[in-house]
Amino acid sequence: MSKRRPRGRMLHGLHSRIVTARVTLWTLIVPPTVWAVHFLFAYLWAAVSCEKAGRFASFPVLFWAGTALALALIVASALVAMVQKETPGDPPPHDAGTDTDRNRFLATATWLLAGLSFAGVVFTALPVLFLLDCR
Amino acid sequence: MTSPPRQSALAPFGAEAIATFDTTVVLTIGACLIFGIVALLFFVAVRSPGDRLSHTQGMRLVLVAGAALPTLILAALLVYVLPQMRPLPVPPRALGVSAVGEQFWWRTVYRAPGQPVLETANELRLPVGQTVTIELSSPDVIHSFWVPGLAGKMDMIPGRINRLIVRADKPGLYRGQCAEFCGLGHAVMAFDVIAMSPADYDRWLADERRPAVPAADPAGAATFAEYGCGGCHAIRDTQAAGRIGPDLTHLAARRHIAAGMLPMTVDAIARFTRDAPSLKPGVRMPAYPHMPPADAQAIGRYLAALK
Ligand SMILES: [Cu+2]
């Protein structure tokens, strides 16, 4: 058939790179780390604007940009993990740990953590949107 | 007599407590519904023959109904309750009230715009429909100001002022209570809360501002002075100007004496005067064991006439 369009080839390249990339404990903790940093960011945001400006931040563009960035990072990590956890596993019996099984396990854990972290970031950001008071 | 004052979050009269009560109703109904659905699912799962259940579908159910749905419900609840946590807007030139928790009674100060400051004690009066900022503080230990029907509780901390913004929405007679252990008399540190129409409220403020009524029976006033009560208690426009204990200028306009503890009667005042420490442990008022009962009665009659 006809040759692939460049865009498709790019996506395909990305896909194969993801599949072959190693999943490690470092990639596993990406979503919760983003959540933790966003959490700290939200608290500092409120504390600094209350202390320095004397009132709750009324133009929180930077806050929303930060929240969007955090959610984007988590979603990206979830997408990568989703591809990786679908790689075919080694056949049974699972008597010894293999690299593939280990990758699949870590990818699944990353994917679940990404879901949790997404909800965590949303639940941290909502109060900042609704509370308007420094008390 | 009217019905006894209510002290219950289930009988709310303040904007914040009403919102909290509504949330409680919503949450209770929701929890019952979810409990019922889970019980039903459990029943179905246990009763249906094994080969009719699919493992994959079961796992999907756990993911959707066990993880995704609760997250969505919690997010919806968050969006529902967060606006309630916003403080009520306070109009400029609003009435300001200070409540000072002291072992073991409440000093209350009213600042209406354009009027002199008014100090009374052991009672909180609020105009219905008006937002009031209550400044909470304490000169001794931590107390906690809690009127369950009005709003959540807030601590009174020495060295700082906490602001509680409230609005009474229903007139009536309610009660508040110290909610942080503050010493021996903590359990009997309460106060009456009276929410009244703005017209009644202004009348009450004007009444409170008047000087104390002249003693009908000068002997009672003289006995009060003789025992040195005025060293701790103020009765405006008399020699008594003490600031250690509650202001007694219009004591008889209150419903109780000694921070919601005893009824407003001549006998109760006489008893409390002679032996406050045995009635209220830890109280900062001395006993007068040698005071003849007749003197105590005379003081009681004098104070009970200070409308
Ligand atoms: Cu107390």
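Residues numbered from 1 in each chain as written. Chains lettered and ligands numbered in written order. Predicted model: local features only at pLDDT ≥ 70, side-chain atom pairs only at ≥ 80, totals over all residues. Heavy atoms only, no water.

(A) Region of interest: the interface of chain B and chain A. At the interface, 14 residues of chain B touch ten residues of chain A. Interface of chain B and chain A: buried area, both sides summed, is about 1,000 Å²; carbon and sulfur atoms make up 80% of it. Taken together, the connections running from chain B to chain A amount to zero salt bridges. Counting across the interface, chain B meets chain A through one residue pair in polar contact (both at pLDDT 80 or more). Among the secondary structure elements, those contributing two or more residues to the side of chain B that touches chain A are α2 (55-81) and β8 (162-167) of chain B. The biggest single contributor to the side of chain B that touches chain A is α2 of chain B, with five residues. Of the residues belonging to the side of chain B that touches chain A, the class tally is eleven nonpolar, one polar and two charged. (Contact = heavy atoms within 4.5 Å. Buried area = accessible area lost by both parts, 1.4 Å probe. Salt bridge = Lys/Arg side-chain N within 4 Å of Asp/Glu carboxyl O. Polar contact = N/O pair within 3.5 Å; in protein donor to acceptor, adjacent residues only side chain to side chain. Helix = DSSP H or I, 4+ residues; strand = E, 2+ residues; numbered from the N terminus. Nonpolar A, V, L, I, M, F, W, Y, C, P; charged D, E, K, R; others polar.)

(B) Local environment of the sheet that holds strand β1 (residues 96-102) of chain B. Residue and element names in this part refer to chain B. Pairing is mixed across the open sheet formed by five strands, whose spatial order is β3-β2-β1-β5-β8. If you trace the sheet from one side to the other, it starts and ends with β3 (118-121) and β8, each paired once. Along the sheet, successive strands turn relative to each other by an average axial angle of 25°, direction set aside. The sheet contact formed by β1 and strand β2 (residues 105-111) spans seven bridges and is antiparallel. Bridge assignment links E102 to a residue of β2, and that residue is W105. Sheet strands touched by helix α3 (residues 198-209): β2 and β3. Its angle to β3, the strand with the most contacts, is close to 95°. (Pairing = 2+ DSSP bridges. Axes fitted to C-alpha atoms, helices over the stretch in contact; angles between N-to-C directions.)

(C) Layout of the coordination of the copper ion. Donor atoms from the polypeptide that coordinate the copper ion comprise H143 of chain B (ND1), C178 of chain B (SG), C182 of chain B (SG) and M189 of chain B (SD), at 2.1 to 2.6 Å from the metal. One way to put it: the four donor atoms around the copper ion meet at angles of 98 to 121°, and that makes the site tetrahedral. (Donors = N, O, S within 2.8 Å, 3.2 Å for Na, K, Ca; no water. Tetrahedral: all angles 85-135°; square planar, octahedral: opposite > 155°, others 65-115°.)

(D) Structural context of the packing of helix α3 (residues 30-53) of chain A against helix α4 (residues 61-85) of chain A. Residues and elements named next belong to chain A. Where α3 meets α4, the closest approach of the two axes is 9 Å, and the angle between their N-to-C directions is 170°. In this view, α3 runs roughly antiparallel relative to α4, as classed from their interaxial angle. Here α3 contributes V30, P31, V34, H38, F41, A42 and W45 to the contact with α4, which in turn contributes L62, F63, G66, T67, A70, L73, I74 and S77. The class makeup of the residues in the contact of α3 with α4 is eleven nonpolar, four polar and no charged. (Parallel < 35°, antiparallel > 145°, perpendicular 65-115°, else oblique.)

(E) Focus on the domain arrangement of chain B. Domain boundaries in chain B define domain 1 (15-85), domain 2 (95-209) and domain 3 (218-304). The C-alpha-based centres of domain 1 of chain B and domain 3 of chain B are spaced at 58 Å. (Domains from an automatic or database assignment.)

(F) Structural context of the pairing of strand β5 (residues 131-137) of chain B. Residue and element names in this part refer to chain B. Burial analysis of β5 places five of its seven residues in the buried class, which makes it a mostly covered element. Judged from the five bridges that link them, β1 and β5 form a sheet pairing that is parallel. Looking at β5, one finds that S98 is bridged to E135. (Buried < 20%, exposed > 50% of the residue type's maximum accessible area, 1.4 Å probe, protein only.)

(G) The arrangement of the sheet that holds strand β7 (residues 154-156) of chain B in detail. Residue and element names in this part refer to chain B. As summarised here, the arrangement of the five strands in space is β4-β10-β9-β6-β7, forming an open sheet in which the pairing is mixed. One side of each edge strand has no neighbouring strand; the edge strands of this open sheet are β4 (123-127) and β7. Going from strand to strand, the sheet's axes swing by 25° on average, the running direction of each strand aside. One ladder, built from two bridges, connects strand β6 (residues 143-146) with strand β9 (residues 172-178); its direction is antiparallel. Pairing of W146 across the sheet is with Q177, part of β9. Along the sheet, α3 makes contact with β4 and β10 (190-196), crossing β4 at roughly 135°.

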